[in-house]
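# Observations on chain architecture
This is what each chain is made of:
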Amino acid sequence: MELIDTHVHLEEPAFDPDREQVIRRAGAAGVQTMINVGSSLEANQRGWDLARANSGIYAAMGVHPHEFKPGSEPELKELPEQLSREKVVALGEIGLDYHVFPDYPAPDRKAQQDGFSRQLELARIFELPLIIHIREAFDDALRLLRQQGPFPGGGVLHCYDGGVEHLPEVLDMGFHAGIGGTITYPRAESVRTVARTLPDDRLLLETDAPYLPPQEQRGKRNEPANVLKVAEAVARIKNISPALAAEQTSRNARQLFKISEHDPGVIVYNIQGHLYVNLTNRCSSDCVFCPRRVNRRVQNYELTLKREPRAEEIIAAIGDPRDYSEIVFCGFGEPLLRLAVMLEIARKVKSRGGWVRVDTNGQADLIFGRDILPECREVVDEWSISLNTADPEQYFKMVRPATGPGTHAAVLNFIDRAGQAGYKVNLTAVEMPGVQTTGLQALAKGLGVRYRGRAYQKLGEPEDK
Ligand SMILES: [Zn+2]
């Protein structure tokens, strides 16, 4: 029986004395896969260290509503870089929590909403599933989710206690509900009703350990092995076997967080001596002409990833980079959404004497909130940056960036700075019928970079170097 704990805080100090035994006990109970959920930048880092060290642990990163206190709002500046790392499968936990604790200052609703909104924007840019925490704030949270959605990566309302009355809207927005130890509490009849009502493909199991242990262990520290108790309770309520409950919920978790042990698919492909790296299928743009919208094919290669490849897998697939005229990071998606992973691979390619080009939409400034060019300097030789049109309004309609209306100007600025920093730079465009390219050529000339147009009909053919 395979179980997945989709919400655990193993990085918390409560597990300092015996973390390894806790992980081992989980494995013995069938819980070999877990999503460690961060709640602050520091917790995210500790969770990531655990994910790096344990093959079955994945990381979610986000800043919890409790962190947004009046006068001490947390920095989110480092969050995009954290999201770009390997094994980061979700953004969370984020949300709203209006619960008033005795002897604590009342929660700052405005600050929480603001922090939630800023992180929801990142979820749209990174196309990551959301892990959402809502307590005594359902109406405000659902309103913000409705306003800022839809979210291409979907998400889960963790430890769901919105009752059946909020379920139609939650399901309509495409979200899952996380069910945990509270399902065993005598007074939690509404959680049991929710578990009974939820469609089979929308239910996820979780522990929220070290918090919320099942009834028989209340007052004690919770741990991920207890997801078995949750599965048994869900099975009883749904009148199915625990094995079936485990199977259904594990499948849901694997689909939502894209954690599969399967072969990822085509991760590198060779077109006339250029080796292309298929790093991700996620993208912060949604170009009207993008083949990823149609069939995800380039020449004879079908580029749908069943999961995102790890750096070591790509490095092995590249082999000796000197066998190719260049190594190109592209993918049916934006490679810089995996900036940390891309840099790790590029470092290896450079050390082995290869040439590195990155095909990008040039939105990095807006995605990361800072200039990423300096840190790429040692390992990237060349940028191909797609602008597609000289007209900002047309750009917004054609490229449909999740980074908002100021994107065209930011991309131009990125191209300009890359040229000045001494990189080889191509300003690129997919030449659509009816789109003027003379303006683009003039722009490229003014910035001192090369213009490279590609006929819409010829997408997927290699650019000559
Ligand atoms: Zn939690």
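Throughout, a residue's number is its position along its own chain's written sequence, starting from 1. Local features in this predicted model are restricted to residues whose pLDDT is 70 or higher, and side-chain atom pairs enter the listing and the counts only when it is 80 or higher, whereas totals over whole chains, interfaces and linings include all residues. Side-chain numbers come from the whole structure's heavy atoms, not from hydrogens or water.

### Things to note about the packing of helix H6 (residues 163-172) against helix H7 (residues 189-197)
Any two packed helices are characterised by the angle at which their axes cross and by the distance between the axes. Put simply, the rule is: An axis is simply a line fitted to the C-alpha atoms; with a helix, the fit covers only the stretch in contact. Between two such axes, the angle follows the N-to-C directions and lies from 0 to 180 degrees. A run of H or I in DSSP counts as a helix once it spans at least four residues, and a run of E counts as a strand once it spans at least two, with each numbered from the N terminus. Helix crossings are classified by the rotation of the near helix relative to the far one: an anticlockwise turn of less than a right angle makes the crossing left-handed, while a clockwise turn makes it right-handed. Residues count as neighbours in contact if any of their non-hydrogen atoms are within 4.5 Å of one another. Think of it as three bins: nonpolar holds Ala, Val, Leu, Ile, Met, Phe, Trp, Tyr, Cys and Pro, charged holds Asp, Glu, Lys and Arg, and polar takes everything else, Gly as well.
Across the interface, H6 lies against H7 with an axial gap of 9 Å and an inter-helix angle of 35 degrees. Crossing handedness for the pair H6 and H7: right-handed. Contacts between H6 and H7 pair Gly-163, Val-164 and Leu-167 from the former with Thr-193, Val-194 and Thr-197 from the latter. The residue inventory of the contact of H6 with H7, partitioned by class, reads 3 nonpolar, 3 polar and no charged.

### Brief notes about the coordination of the zinc ion
Octahedral six-donor coordination of a metal ideally yields angles of 90 or 180 degrees, compared with 109.5 degrees for tetrahedral four-donor coordination. The cut-off we apply is this: Each metal's donors are the N, O and S atoms within 2.8 Å of it, or within 3.2 Å when it is Na, K or Ca, and because water is not part of the set, sites may look incomplete. For every residue, the accessible area obtained with a 1.4 Å probe (protein chains only) is divided by the maximum for its type, and the residue is called buried under 20%, exposed over 50%, and partly exposed between those limits.
Donor atoms from the polypeptide that bind the zinc ion are His-7 (NE2), His-9 (NE2), Glu-93 (OE) and Asp-208 (OD), placed at 2.1 to 2.4 Å. Each donor residue of the zinc ion lies on one chain, and together they are spaced H-x1-H-x83-E-x114-D. Per residue, the accessibility class of His-7 equals that of His-9, and both read buried.

### Some details on the domain arrangement of the protein
Definition in use: Each domain's extent was defined by an automatic or database domain assignment. Buried area counts how much accessible surface, traced with a 1.4 Å probe, disappears from two parts once they are put together, with both parts' losses summed. When a carboxyl oxygen of Asp or Glu is within 4 Å of a side-chain nitrogen of Lys or Arg, the pair counts as a salt bridge. The term polar contact refers here to a pair of N or O atoms within 3.5 Å; inside protein, the definition further demands a hydrogen-donor-capable atom paired with an acceptor-capable atom, and it admits residues adjacent in sequence only when both atoms are side-chain atoms.
If you check the domain split of the protein, you get domain 1 (3-257) and domain 2 (268-458). On a C-alpha basis, the centres of domain 1 and domain 2 stand 33 Å from each other. Each side of the interface is counted separately: domain 1 has 14 residues, and domain 2 has 20 residues. Across the domain 1 to domain 2 interface the summed buried area is about 1400 Å²; carbon plus sulfur atoms make up 51%. One can count 0 salt bridges joining domain 1 with domain 2. Viewed at the interface, domain 2 and domain 1 are joined by 4 residue pairs in polar contact (both at pLDDT 80 or more).

### Describing the side chain of Arg-19
Tracing the backbone shows Arg-19 in helix H1 (residues 19-28). Among the polar contacts listed, one links the side chain of Arg-19 to the backbone oxygen of Leu-10, at a separation of 2.7 Å. Residue contacts for Arg-19: discarding those within four places in its chain leaves Leu-10, Glu-11, Glu-12 and Leu-50.

### As for the sheet that holds strand S17 (residues 450-455)
So the rule is basically this: When DSSP finds at least two bridges between two strands, those strands are taken to pair.
Taken in spatial order, the 7 strands line up as S9-S10-S13-S14-S15-S16-S17 in an open sheet, and their pairing is mixed. The open sheet has two free edges, formed respectively by strand S9 (268-271) and S17, since each of these has just one partner strand. Averaged over all pairs of adjacent strands, the angle between strand axes in this sheet comes to 25 degrees, irrespective of strand direction. As defined by bridge partners, strand S15 (residues 382-386) adjoins strand S16 (residues 424-431) across 5 bridges and the pair is classed as parallel. Counterpart to Trp-383 in the pairing with S16 is Val-425. Its contacts with the sheet place helix H16 (residues 438-447) against S16 and S17, and it is angled at close to 155 degrees to S17.

### Description of unusual backbone geometry
Look at the link from Gly-92 to Glu-93: it is a cis peptide, with omega at 5 degrees. Structurally, Glu-93 is set in strand S4 (residues 88-97). Going from Ala-209 to Pro-210, the amide bond is cis rather than trans, its omega being 15 degrees. Tracing the backbone through its elements, the reader meets Pro-210 in the loop between strand S8 (203-205) and helix H8 (227-238). We note that Asp-208 has phi near 65 degrees; this positive angle belongs to a residue other than glycine. Mapped onto the fold, Asp-208 is located in the loop between S8 and H8. For Asp-208, a relative accessible area of 8% puts it in the buried group. In this structure, Asn-388 is a non-glycine residue whose phi angle is positive, near 75 degrees. Structurally, Asn-388 is set in the loop between S15 and helix H14 (392-399). Asn-388 gets classed as buried once you look at its relative accessible area, which sits at 3%.

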